[in-house]
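Spelled out from the first residue to the last, the chains are:
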Amino acid sequence: CCSSSSVSLSFVVSSPLIQALAREGIQAVMVGKGGEAAASAQHKEEHEEDGDMVGVVKLISAEGFEFVIDKKAAMVSNTLRNMLTSPGGFAETREGEVRFPEISTAILEKICQYFYWSLHYASGKETAEFPIEPEITLELMMAANYLDT
């Protein structure tokens, strides 16, 4: 089924929405199980001292796939915002990494797409429907409820 070697690809999350946002300078990277994205680490180091909303966050699915997204995109979720900005010295705050043992890779990918969609259309100047496949609706709603998105 799956190889244990890690592969880093910039646009495994290759929806037209993510590609369009990437052309505008917004980054989203899906890293194979156990892999590291060198470009994302470099992006994080370059912008670490610029503030709470700058940098990247790693979201890890139940199957171990890692989605490296802009911290600004992750902040669309109130749950992630609380996890990543809490003053209590939590591991998520220190490491910039959040594991979701109950959220599958496909659902976490869709959630990451939604974060970027939400950022892009939040101003209300443009509108577009966010596409949701009927077969993932229930699982996506449960994850969105947990993430307070």
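Conventions and cut-offs
Residues numbered from 1 in each chain as written. Predicted model: local features only at pLDDT ≥ 70, side-chain atom pairs only at ≥ 80, totals over all residues. Heavy atoms only, no water. UniProt positions renumbered as here; feature names shortened; annotations may be inferred. Buried < 20%, exposed > 50% of the residue type's maximum accessible area, 1.4 Å probe, protein only. Helix = DSSP H or I, 4+ residues; strand = E, 2+ residues; numbered from the N terminus. Arc of directions from axis to C-beta. Contact = heavy atoms within 4.5 Å. Axes fitted to C-alpha atoms, helices over the stretch in contact; angles between N-to-C directions. Parallel < 35°, antiparallel > 145°, perpendicular 65-115°, else oblique. Left-handed = near helix turned anticlockwise from the far one by under 90°. Nonpolar A, V, L, I, M, F, W, Y, C, P; charged D, E, K, R; others polar. Polar contact = N/O pair within 3.5 Å; in protein donor to acceptor, adjacent residues only side chain to side chain. Salt bridge = Lys/Arg side-chain N within 4 Å of Asp/Glu carboxyl O.

- For the protein chain, the name recorded in an unreviewed UniProt entry is Elongin-C, with Aegilops tauschii subsp. strangulata as its organism.
- The record held by UniProt for the protein chain lists under Pathway (unreviewed entry) the comment "Protein modification; protein ubiquitination."
- The annotation that UniProt attaches to the protein chain under Subcellular location (unreviewed entry) is "Nucleus".

**Some points on helix H7 (residues 137–147)**
- Residues of H7 that are buried include every one of Leu-140, Ala-143 and Leu-147, and no others. Buried positions in H7, seen along its axis, are confined to an arc of 65° and lie on one side of it. Exposed residues lying more than 90 degrees from the buried face of H7 are Leu-138, Met-141, Met-142 and Asn-145.
- Looking at the buried positions of H7, the neighbouring elements they touch are helix H4 (78–85) and helix H6 (105–121).
- Following H7 by one or two positions, Asp-148 adopts a phi angle in the positive range, close to 50°.

**Examining the packing of H6 against H7**
- Contact pair H6 / H7: the axes reach a minimum separation of 10 Å and the direction vectors enclose 60°. In terms of axis orientation, H6 runs oblique to H7. Here the hand of the crossing between H6 and H7 comes out right-handed. Residues Ile-107, Lys-110, Ile-111 and Phe-115 of H6 form the contact with H7, whose own contacting residues are Glu-139, Leu-140, Ala-143 and Leu-147.
- In the contact of H6 with H7, the residues fall into 6 nonpolar, no polar and 2 charged.

**Describing the side chain of Thr-105**
- Inspection of the secondary structure puts Thr-105 in helix H6.
- In this structure Thr-105 comes out as buried when scored by relative accessible area, which is 12%.
- At 2.8 Å, the side chain of Thr-105 forms a polar contact with the side chain of Ser-61.

**Some thoughts on the environment of Lys-58**
- Along the polypeptide, Lys-58 turns up in strand E3 (residues 56–60).
- Assessed through its relative accessible area of 12%, Lys-58 is described here as buried.

**Thoughts on the pattern of salt bridges**
- All chains considered together, the criterion is met by 4 salt bridges.
- Ionic pairing is found between Glu-97 and Arg-99, a salt bridge with its closest N-O pair at 3.3 Å.
- As a salt-bridge pair, Lys-110 and Glu-133 come within 3.4 Å of each other at their nearest N and O atoms. Remark: Glu-133 occurs in the loop between H6 and H7 and Lys-110 occurs in helix H6; sequence separation between them is 23 residues.
- Salt bridges sharing partners connect three or more residues here, namely Lys-58, Glu-66, Glu-97 and Arg-99.

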